[in-house]
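Residue strings, one per chain:
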Amino acid sequence: MAEDDRADRLLAVMVDRLVEAGLVKRRGRQRTDSTHILAAVRRLDRLELVGETLRAALEELTGADEEWVSGLVTDEWARRYGRAVRYDRLPKETQERERYALTVGEDGIRLLRAVLEPDAPARLRTLPQVEVLRQVWVQQYWQNEEGSLGWRGPKQTRDRQSRRQSPRRSTSAAAAAGSPDPATARVRWSSVEIVSPHDPQARFSHKPGKAEWVGYKDHQTESCDTGLPNVIVHVATTPAPSRTSTPWSSEVHRER
């Protein structure tokens, strides 16, 4: 039952035994609450993210085929990505930061194109950090009408994926199609945006006025029938912005 990190099977056996003993009702009352789980990664701003993503990809490629990477890396790349990318070593002025972001973007495009060349070792294309690099570049960069690489704008703070189907007071075409307008080329929602190459499944989330974090969300469902013990009957770990419902009972009482 403990194979493949499936400790949930042990919980399922325990709940079945408690049902047989009459301590838990199969369709009884339940309540679900959640708490945040921090990912074991440093929180990065967007400029750190793209630089560190490219550095992590180069590091993994070097471990897989150092000779191939040596023919691609320049002295400038070695200076730019030779150590962990940190905010205190990055440009401070807005225009300089934008230039740096585009420089890193062009370097990443060059690396991705090199990996996809027919004469490149096929195994390099399947490396996890190469795939993370591809996804981060899709999320953080775009091509403008002239075909040049562009740095996406920040997310719109009032935009939420859950609001997409809600009626809007505005009658503009952009509002009718959903916000943000694709032409604005903004960063994707937190539910899909990779925030660290060292844990690409972790996501940013926040509870207004309470907490904000990078990581996951832990949902625990507890039985709460009168006269019976309160028992945790279901546990689910999801990306931080996600929500889950109790799959075990049709009569759910939620505590806020």
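Reading the values: rules and limits
Residues numbered from 1 in each chain as written. Predicted model: local features only at pLDDT ≥ 70, side-chain atom pairs only at ≥ 80, totals over all residues. Heavy atoms only, no water. Helix = DSSP H or I, 4+ residues; strand = E, 2+ residues; numbered from the N terminus. Buried < 20%, exposed > 50% of the residue type's maximum accessible area, 1.4 Å probe, protein only. Contact = heavy atoms within 4.5 Å. Axes fitted to C-alpha atoms, helices over the stretch in contact; angles between N-to-C directions. Parallel < 35°, antiparallel > 145°, perpendicular 65-115°, else oblique. Left-handed = near helix turned anticlockwise from the far one by under 90°. Phe/Tyr/Trp six-rings, centres within 6.5 Å; stacked < 30°, edge-to-face > 60°. Lys NZ or Arg CZ within 6 Å of the ring centre and 35° of its normal. Expected span 1.5 Å × (residues − 1). Nonpolar A, V, L, I, M, F, W, Y, C, P; charged D, E, K, R; others polar.

Novice: Any chance you could explain the side chain of aspartate 107 here in plain terms?
Specialist: By the secondary structure assignment, aspartate 107 is in helix 5 (residues 94–115). Residue aspartate 107 is classed as buried on the basis of its relative accessible area, which comes to 9%. Beyond its immediate sequence surroundings of up to four residues, aspartate 107 is in contact with Leu54, Trp77, Arg80 and Tyr81.

Novice: Hey, could you run me through the packing of helix 5 against helix 6 (residues 128–140) in this one?
Specialist: In helix packing, the relevant descriptors are the interaxial angle and the interaxial distance, both defined with respect to the helix axes. Where helix 5 meets helix 6, the closest approach of the two axes is 11 Å, and the angle between their N-to-C directions is 135°. As the angle between them shows, helix 5 and helix 6 are arranged oblique. Note on packing geometry: the crossing formed by helix 5 with helix 6 is left-handed. For the pair formed by helix 5 and helix 6, the contact residues are Val104, Gly105, Gly108, Ile109, Leu111, Leu112 and Val115 on the first element and Val130, Leu133, Arg134 and Trp137 on the second.

Novice: How do you make sense of the packing of aromatic side chains when you look at a structure like this?
Specialist: Ring pairs (aromatic) are described by centroid distance and by the angle formed between their planes. Applying the stated criterion to the full structure yields three aromatic pairs. Where tryptophan 137 meets tyrosine 141, the ring centres are 5.2 Å apart and the plane angle is 45°; that geometry is what we call tilted. Of the two residues, tryptophan 137 and tyrosine 141, neither departs from the other in class, the shared state being buried. Plain terms: the ring middles of tyrosine 141 and tryptophan 151 are 5.1 Å apart, the flat faces sit at 55° to each other, and that makes the pair tilted. Taken together, the residues tyrosine 141 in strand 2 (residues 141–143) and tryptophan 151 in strand 3 (residues 149–151) connect sequence positions ten residues apart. Among the residues examined, tryptophan 151 registers a relative accessible area of 23% and is labelled partly exposed. Linked through ring pairs, Trp137, Tyr141 and Trp151 together constitute an aromatic cluster. The lysine or arginine in question, arginine 46, covers the ring of tryptophan 151, its NZ or CZ lying 4.1 Å from the ring centre. Taking NZ or CZ as reference, arginine 110 lies 5.2 Å from the ring centre of tryptophan 77, over its face.

Novice: Please clarify how helix 5 should be interpreted in this entry.
Specialist: Side chains that are three or four residues apart share a direction in an α-helix, a result of its 3.6 residues per turn. Between the first and last C-alpha of helix 5 there are 32 Å, a value that for 22 residues agrees with the 32 Å anticipated at 1.5 Å per step. If you follow the buried residues of helix 5, they end up packed against helix 2 (46–64), helix 3 (66–70), helix 4 (75–81), helix 6, strand 2 and strand 3.

Novice: How should I be thinking about the packing of helix 2 against helix 5 in this particular structure?
Specialist: Helix 5 packs onto helix 2 with a crossing angle of 30° between their chain directions and a minimal axis gap of 10 Å. By the angle class used here, helix 2 and helix 5 are roughly parallel. Of the two elements, helix 2 crosses helix 5, and the hand of that crossing is left-handed. Between helix 2 and helix 5, the residues in contact are Leu47, Val50, Gly51, Leu54, Ala57, Leu58 and Leu61 and Arg97, Tyr100, Ala101, Val104, Asp107, Gly108, Leu111 and Val115, respectively. A breakdown of the residues in the contact of helix 2 with helix 5 according to their chemical character gives eleven nonpolar, two polar and two charged.

Keep in mind these values describe shape, not function.
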